[in-house]
Amino acid sequence: LDPAGRVLLVTRGSNDRAPKLLELAGKVIERFDRELPAPALRLEAEDPLLAAKSKVEPEKPAAREPPLPEDPEDPEGAHPWKLAPPKPVEVTSAKPVVTTWGSQDQPLDTQTVVLFVLHDEDDFESLLGQLRERFPFLEVWTREAKALAGFAIGDPLTAAYLENPRGVEEWNADNELVSRVARLCLLRRFGALPNWLVQGYAWHMEFALMGAVYVFPWRDEFVWATEHSGWGKIVEERYAKTSLKPADFMGWRRGKYLEPEAKASWAACEYLLAKESGQLPLLLDRLRVFREEHGRIKDDPKSWRRDLDYEIPVADQHALFSELLGDGYLARASIFFRQELAH
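Residues numbered from 1 in each chain as written. Predicted model: local features only at pLDDT ≥ 70, side-chain atom pairs only at ≥ 80, totals over all residues. Heavy atoms only, no water.

**Focus: the pattern of salt bridges**
Applied cut-off: Only one rule defines a salt bridge in this text: a Lys or Arg side-chain nitrogen within 4 Å of an Asp or Glu carboxyl oxygen. In DSSP terms, a helix is any run of H or I states spanning at least four residues, a strand is any run of E spanning at least two, and both are numbered starting from the N terminus. Think of it in three bands: with a 1.4 Å probe and only protein chains considered, a residue is buried below 20% of the maximum accessible area for its type, exposed above 50%, and partly exposed in between.
One pass over the structure, following the stated rule, counts 25 salt bridges. Close ionic contact of D109 with R42 constitutes a salt bridge, the shortest N to O distance being 3.6 Å. Of the two residues, D109 sits in the loop between α2 (48–56) and β2 (113–118) while R42 sits in the loop between α1 (18–35) and α2, which places them 67 residues apart along the sequence. R42 sits in the partly exposed class, given a relative accessible area of 26%. The closest approach of N and O atoms between E259 and K263, which form a salt bridge, is 2.6 Å. Placement of both E259 and K263 in helix α8 (residues 259–275) is noted, with a separation of four residues, approximately one turn of the helix. According to the relative accessible area criterion, E259 is partly exposed, its value standing at 28%. Within this structure, R6, D33, R42, D109, R188, R189, D285, R288 and E292 form a network of salt bridges that share partners.

In structure tokens, the structure reads:
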């Protein structure tokens, strides 16, 4: 556990690199806090059920509403919302068994993120089995995740990677740590964000702390040695005579590696961090709230659940960016790509 209680590193007791890994995780957190501080004022998503109720039901006259009690703790006060007194339970001396950690329903910026540094595929399969047992809603996902070399998820707020995956070339385990801690930091402070932004920021952190990129999510084919660096020059050449468009990066969905979109996503994040840092935390909070309000499935008029596959449409993302950064943000980003990104 790091001194600030922000990250819990879980690995084999024989892993003598654990102190160095925890130190590296701390560097990610320190840079993240500097680049993307929490906005001064948090935005709150609107509850669709309460909003629908306020539109349908006429407002009652104030005189007919029972007055609120002077003291909310007054046992004589009338609380129509108060639950019935809890039934007595048997008290034992046994300590409670903690079987969960983290949750997307927890307050933002309050959780300790959990990072599993695993030795090999056997460790990974064991971890997935434990997740499946402790979090039944992950049943389907854990069985599909066997084909992966790690993960970063929001509920529970945890990530994992393998230090020694079989048959993988061009691999750097420390880059995996940097990438996954960066993604956990985004989840902890801003919840679920568009895929392009999450991956782009993780690559930004790899370049900043490790000097090269080694994490290529959802990519199965061989990664050439020359692909770990030189991204700035590639983007500069690509946008030498054309301008960045929202569809170049904002439409990149999870599950498939797309080469042009990947580098455009990274470059867009570099521009935002370099030139729009003042508005960026608020912009990420606006994206979070938009997703919370629109990424819902109403089963009936009285209930809803999260749409886990929801992606903010490109047009809506562009509208949010234009509102906070101005209509010319894409033109400014294009100039940044040509003049500053590779230098």
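So much for the structure itself; the text now carries on.
**Description of the packing of α1 against helix α6 (residues 195–210)**
What counts is decided by this rule: Each axis is a line fitted through C-alpha atoms, and for a helix only the stretch in contact is used; angles between axes span 0 to 180 degrees, taken between their N-to-C directions. Small angles under 35 degrees read as roughly parallel and large ones over 145 as roughly antiparallel, with 65 to 115 read as roughly perpendicular and the rest as oblique. Two helices crossing with the near one rotated counterclockwise from the far one by less than a right angle form a left-handed crossing, whereas a clockwise rotation gives a right-handed crossing. When checking whether two residues touch, look at their non-hydrogen atoms; a contact exists if any pair is within 4.5 Å.
Relative to each other, α1 and α6 sit at 120 degrees, their axes nearing to 11 Å. Judged by the angle between their axes, α1 and α6 are oblique. For the pair α1 and α6, the crossing hand works out as right-handed. Along its contact with α1, which presents L24, K27, V28, R31, F32 and E35, the element α6 presents Y201, H204, M205, A208, L209 and M210.

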